[in-house]
Every structure is written in C-alpha cells, then in structure tokens.
Amino acid sequence: MSPFRTMMTGLLAASLATPAFAQCMQPTEKPGFDIRALQSQLMVLALTCSQTDEYNRFVTQNRAVLTGAYNDVQRHFRRVAGNAWQRQIDAYITNTANGHSQTGISQGSLFCSNQAQLFPQALAVTTREQLAQLSQQRQITQVYEPPACAAPPARNANRAAAAPNPANGTPRSNGQPASAGNTATPRS
C-alpha cells in the first residue's frame, strides 16, 4: 500500500473512531448529570405535590451549584454533539422531566408520600458532591447514561527518572550535551 493510501486509511479510521470516544461521559461530567436529574425530580415533585415554595428555596440556596451542573451538562453536549449541542441538551432536559413525570404518574397517589423526604434531604445539603451523592443514593432516574470514558493512559513515571541517553544528545547532569567524544568527567 502506498504511503498516501496508508495515511488516508489511518485518517479515516481515526475519524470513525472519534465519535464513539466522544459519546462517553467524562468522570467530571457525571456529577452535573446527577444534580440535573435531582433538580428535575424536585421540580416534578414541586408541581405534583404543591411544594413550589420548597423548590424555590432549593434553587435559591443552590443557585451556584445548579448553574455549575448545567454548565457541565452543556459542555458534555458541546463535546459529543458538536453543532447540534443545543438540540441535544434541550432533548435531554425535556426527556429527563418527562421521565420523572412518568415516574410520578406510575406511582399515582403514592408519589407524594414516596418522595416526602426528598425536599428535606435536598435542602440539608449544599455542596456539589453532596447533591450528586443524594441523587445517586435516592436512585434518581437518569434518561441519558452513555458509558464512562476510559481513563487516559497513566504517564510513565520512570521516564522522568530515567538516565539520559548519551547517544541521542540528551543533556547530562553537567549541562553539557552528550556526544560520542564527550565521555570525560567534567572538571570542577
């Protein structure tokens, strides 16, 4: 195969592989999705169970965390959907609310009593980590769950500690470049 053809085959393979990689969720993005799901569940609870005052208090108390969570979700969809990110985030928000609403409908008159402790629990925590953890503990429904992204390969710590290679001109500890004729011990 010609070098040009080999290069084009590699580029094609890379372009096909990129979307699959991009469709994963970075570990830093997951808490944002957990918090957005919790907020959606609380919104449905507020509307269904006449708890709008509690919801407004939750939003006011956690405004910065909720904004950060939305920004995390937005960054995720910008990364995975490119120019279609706005459509994707709108669909995510709508589908999340619809999913939580369907949960409420399926529980019928028990929904409000089943969820009675969610507002007190949500109002008792204030950090990003606590809200994400509450969402996970309460098993708040997620309508969007791509696989987790693979961790980037760990850097080889031994490379930094490796001895310089005189054959490739790597500087020695005396600051002089190594060469075939530079093997003498430096003078002080």
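Our structure's up above, just so we're on the same page.
Residues numbered from 1 in each chain as written. Predicted model: local features only at pLDDT ≥ 70, side-chain atom pairs only at ≥ 80, totals over all residues. Heavy atoms only, no water.

### A closer look at the overall build of the chain
So, point 1. Helix and strand content of the chain: nine helices and zero strands.
So, point 2. If you list the helices and strands of the chain from N to C, you get α-α-α-α-α-α-α-α-α.
So, point 3. Looking at the chain as a whole, 30% of its 188 residues qualify as buried.
So, point 4. Nonlocal contacts in the chain, meaning residues at least 24 apart in sequence, comprise 72% of its contacts between residues at least 6 apart. (Helix = DSSP H or I, 4+ residues; strand = E, 2+ residues; numbered from the N terminus. Buried < 20%, exposed > 50% of the residue type's maximum accessible area, 1.4 Å probe, protein only. Contact = heavy atoms within 4.5 Å.)

### Observations regarding the packing of helix α2 (residues 30–48) against helix α8 (residues 128–137)
So, point 1. Contact geometry of α2 with α8 gives a least axis separation of 8 Å together with a crossing angle of 65°. If you check the angle between α2 and α8, you find them roughly perpendicular. For α2 against α8, the interelement crossing comes out left-handed. Contacts from K30, P31, G32, D34, I35, A37 and L38 in α2 reach R128, L131, A132, L134, S135 and Q136 in α8. (Axes fitted to C-alpha atoms, helices over the stretch in contact; angles between N-to-C directions. Parallel < 35°, antiparallel > 145°, perpendicular 65-115°, else oblique. Left-handed = near helix turned anticlockwise from the far one by under 90°.)

### Quick look at the state of the cysteines
So, point 1. Following the criterion strictly, the structure yields two disulfides and no others.
So, point 2. Here C24 is linked by a disulfide to C149, with a sulfur-sulfur distance of 1.9 Å. Sign of the S-S torsion, about 90° for the bond between C24 and C149, identifies this disulfide as right-handed. Here C24, found in the loop between α1 (3–22) and α2, pairs with C149, found in the loop between α8 and α9 (157–161); they are 125 residues apart in sequence, far enough to count as distant.
So, point 3. Judged by its relative accessible area of 5%, C24 falls in the buried class. (Disulfide = S-S within 2.5 Å.)

### Some points on helix α4 (residues 63–81)
So, point 1. Taking 1.5 Å of rise per residue, the 19 residues of α4 would be expected to cover 27 Å, and the 26 Å separating its terminal C-alpha atoms lies within 8% of that figure.
So, point 2. All buried positions along α4 are accounted for by V65, L66, A69, D72, V73, Q74, H76, F77 and V80.
So, point 3. G82, located one to two residues past α4, shows a positive phi value of around 60°. (Expected span 1.5 Å × (residues − 1).)

### Structural notes on the packing of α4 against helix α5 (residues 85–107)
So, point 1. Their axes nearest at 8 Å, the elements α4 and α5 cross at an angle of 130°. Classified by the angle their axes make, α4 and α5 are oblique. Crossing of α4 over α5 shows right-handed handedness. Along its contact with α4, which presents Y70, V73, Q74, F77, R78 and A81, the element α5 presents W85, Q88, I89, Y92 and I93.
So, point 2. For the contact of α4 with α5, a count of residues per class yields eight nonpolar, two polar and one charged. (Nonpolar A, V, L, I, M, F, W, Y, C, P; charged D, E, K, R; others polar.)

### Describing the nonpolar core
Considering soluble globular proteins, one finds that nonpolar side chains tend to be buried as a cluster.
So, point 1. Core analysis: the biggest nonpolar cluster contains 24 residues, and I35, L38, L42, L45, F58, F119 and L131 have the highest contact counts within it.
So, point 2. Put simply, the parts of the chain that give this core at least two residues each are α2, α3 (52–61), α4, α7 (118–124) and α8.
So, point 3. Take this core: its biggest share by element is seven residues, from α2.
So, point 4. Dropping the residues within four chain positions of it, F58 is found in contact with Q39, L42, L66, F119, A122, L123 and L131.
So, point 5. Core analysis: the next-biggest nonpolar cluster, separate from the first, contains nine residues, M25, F33, V73 and I89 among them. (Core = buried A, V, L, I, M, F, W, Y, C linked by side-chain atoms within 4.5 Å.)

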